[in-house]
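Observations on the model geometry
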Amino acid sequence: MNILLTGGTGYIGSHNAVVLAQAGHEAILFDNLCNSSKDVVQRLEKIIGKPITFIEGDVRNTELLVEVMRNHQVDAVIHFAGLKAVGESVANPLLYFANNVQGTISLLLAMQQLEIKTFIFSSSATVYGEPVYLPYDEAHPTNPINAYGDTKLQVEIILRDLAKSDPQWKIACLRYFNPVGAHESGFIGDDPSGIPGNLMPYLARVASGSLQYLSVFGKDYETRDGTGERDYIHVMDLAEGHMAALDFLANNSGLHVVNLGTGKPASVLECVKAFEGAVGKNLPIQFAPRRDGDLPIYFAKADLAKEKLGWIAARTLDEMCASAWHFQQVQSSQSKSSTEST
Ligand SMILES: NC(=O)c1ccc[n+]([C@@H]2O[C@H](COP(=O)([O-])OP(=O)(O)OC[C@H]3O[C@@H](n4cnc5c(N)ncnc54)[C@H](O)[C@@H]3O)[C@@H](O)[C@H]2O)c1
């Protein structure tokens, strides 16, 4: 199949491109590069061993999308493009609604025009909000606590109504938990610019010496060791989950909302320990007060993904940390050699 990956040069999109290409599909990457680099295309070509199509563009440009999908005879779309910084979404909700909601409408209009009706959407566990019970299953009430989560829920509502309006649509809303780790090559991974807002890339920078220590926000939560617990999922497992969803949609129409998580939460201190194991040395941490808006614990009920898609997350926390650390090392050695050659 020819599959358009919006946000294809981003963290999750790029790992999906590898899995799709290795399964014999043609991945067409479409990205405006607002949070990723074109270098990812060459890195992907190195992993996959063949050229990959990349188009620079914004998903709000419906005309361009129509042209691209027509030219590349696209059969299905996986929509990763979006802004994802919670704090920024609270400070600038219009930016987030314009990009994430308007962008999705533009993409769906382009698909409708060409009668392409297979669609996978990157949703998020953040649509659930404050847990009424745990683990979150797909029937848990949705009540996001920030504008980013609101944009994800708005898109889910649009997709629900779209699927109702036309039974030919085949739509999967995949609610990701906390994707971490990197492809085994170390060529692609989570590489935020500036100071990372997420635990794993932060730990990687502490381990490499570019950041001094990790602040652990809150040590008196009602969790196993007092620190926050999250459902971390290896990004390659996540990518394989998309592959399973695509196979599922081949024979199933309608809207399918599915959690992609492991169902097994890990605490901040457990992540630090696993990362230390990968690096082979202790990492400095400092406890800090809880942050507003942080939930003590949340994790997925992952049974529906197994039942419907035949997929489970197989990789361990140690593998997630080892791959994140390997990626950091490859990046550090590449930036060192490029500095030396200038
Ligand atoms: N990483 C996570 O923890 C996480 C968790 C749940 C859901 N998600 C969702 O998964 C998707 C991918 O996340 P990611 O971690 O790979 O983020 P990312 O920022 O690495 O990738 C998103 C990509 O989309 C591109 N993009 C943004 N707006 C665009 C636009 N208007 N037109 C074209 N391209 C645009 C960016 O340049 C970037 O390359 C996002 O929709 C995100 O909300 C991510």
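Small disclaimer: the values here were computed from a predicted structure and weren't measured. (Residues numbered from 1 in each chain as written. Predicted model: local features only at pLDDT ≥ 70, side-chain atom pairs only at ≥ 80, totals over all residues. Heavy atoms only, no water.)

The next subject is the overall build of the protein. From N to C terminus, the protein includes 11 helices and 13 strands. The burial tally for the protein puts 54% of its 342 residues in the buried class. When contacts within the protein are restricted to residue pairs at least 6 apart in sequence, those whose partners lie at least 24 apart make up 79%. Summed over its atoms, the accessible surface of the protein is roughly 15200 Å², and 50% of this surface lies on carbon and sulfur atoms. (Helix = DSSP H or I, 4+ residues; strand = E, 2+ residues; numbered from the N terminus. Buried < 20%, exposed > 50% of the residue type's maximum accessible area, 1.4 Å probe, protein only. Contact = heavy atoms within 4.5 Å. Areas by Shrake-Rupley, 256 points an atom, 1.4 Å probe, with all protein chains shown as cover.)

Turning next to helix H8 (residues 235–250). Its 16 residues place the ends of H8 23 Å apart at the C-alpha level, agreeing with the 22 Å of an ideal helix rising 1.5 Å per residue. In terms of burial, H8 is largely enclosed, as 13 of its 16 residues are buried. (Expected span 1.5 Å × (residues − 1).)

As a matter of local geometry, the ligand sits amid 27 residues, with Asp31, Asn35, Ser36, Lys84 and Tyr148 nearest to it. Asn32 is positioned with one of its backbone polar atoms (N or O) 3.1 Å from a nitrogen atom of the ligand. Note that an oxygen atom of the ligand is positioned 2.7 Å from one of the side-chain N or O atoms of Asn35. When the ligand sits alone it has 820 Å² of accessible area, and the protein chains cover 95% of it. (Near = heavy atom within 4 Å. Polar contact = N/O pair within 3.5 Å; in protein donor to acceptor, adjacent residues only side chain to side chain.)

In this section: the packing of aromatic side chains. A full pass over the atoms with the stated rule returns five aromatic pairs. Ring geometry for Tyr136 against Tyr298: centres 5.7 Å apart, planes inclined by 45°, an arrangement best described as tilted. Here Tyr136 is found in the loop between strand E5 (118–124) and helix H6 (147–165), whereas its partner Tyr298 is found in the loop between strand E13 (285–288) and helix H10 (303–309), with 162 residues between them in sequence. You'll find Tyr136 and Tyr298 in the same group, each marked buried. Between Phe177 and Tyr298, the aromatic rings sit 6.2 Å apart at their centres with planes inclined by 55°, giving tilted as the arrangement. Of this pair, Phe177 sits in the loop between strand E6 (170–176) and strand E7 (178–180) while Tyr298 is found in the loop between E13 and H10, placing the two residues 121 residues apart along the sequence. For Phe177, a relative accessible area of 6% puts it in the buried group. (Phe/Tyr/Trp six-rings, centres within 6.5 Å; stacked < 30°, edge-to-face > 60°.)

Note that Tyr96 resides in helix H5 (residues 93–114). On the basis of relative accessible area, Tyr96 is assigned to the buried category, the value being 0%. Sequence separation between Tyr96 and Leu108 is 12 residues; the distance between their C-alpha atoms is 18 Å. Setting aside anything within four residues of it in sequence, one finds Tyr96 in contact with Leu83, Lys84, Ala85, Glu88, Ser89, Val101, Tyr148 and Thr151.

So, on to the environment of Ile28. By the secondary structure assignment, Ile28 is in strand E2 (residues 26–31). Judged by relative accessible area, Ile28 falls into the buried class, the value being 1%. Distance from Ile28 to Ile55, taken between C-alpha atoms, is 7.7 Å for residues 27 residues apart in sequence.

Before going further, it helps to examine the pattern of salt bridges. Pairs can form between side chains of opposite charge whenever their charged atoms are close. Going through the model one piece at a time under the given rule, you end up with 14 salt bridges. The salt bridge involving Asp58 is made with Arg60; its shortest N-O contact spans 2.9 Å. The salt bridge partner of Arg205 is Asp191, with a shortest N-O separation of 3.4 Å. Of this pair, Arg205 sits in helix H7 (residues 199–208) while Asp191 sits in the loop between E7 and H7, placing them 14 residues apart in sequence. We classify Asp191 as partly exposed; its relative accessible area is 47%. (Salt bridge = Lys/Arg side-chain N within 4 Å of Asp/Glu carboxyl O.)

For the rest of this paragraph, the subject is the sheet that holds E2. Spatial ordering of the open sheet is given by E3-E2-E1-E4-E5-E6-E11, a layout of seven strands whose pairing is parallel. The open sheet is flanked by strand E3 (53–56) and strand E11 (254–260), the only strands paired with a single partner. When the angles between neighbouring strand axes are averaged without regard to direction, this sheet yields 20°. Where strand E1 (residues 2–6) lies against E2, five bridges are found, and the strand directions are parallel. Paired with Asn2 across the two strands is Glu26, which belongs to E2. Taken strand by strand, H5 contacts E1, strand E4 (76–79) and E5, and its axis lies near 170° from that of E5. (Pairing = 2+ DSSP bridges. Axes fitted to C-alpha atoms, helices over the stretch in contact; angles between N-to-C directions.)

The next subject is helix H9 (residues 268–279). For the α-helix, the turn length of 3.6 residues means that residues three or four positions removed from each other point alike. Between its terminal C-alpha atoms H9 stretches 16 Å, which fits the 16 Å expected from 12 residues at 1.5 Å a residue. Considered for burial, the residues of H9 that qualify are Val268, Cys271, Val272, Ala274, Phe275, Glu276 and Val279. Gly280 sits one or two residues past H9 and shows a positive phi near 85°.

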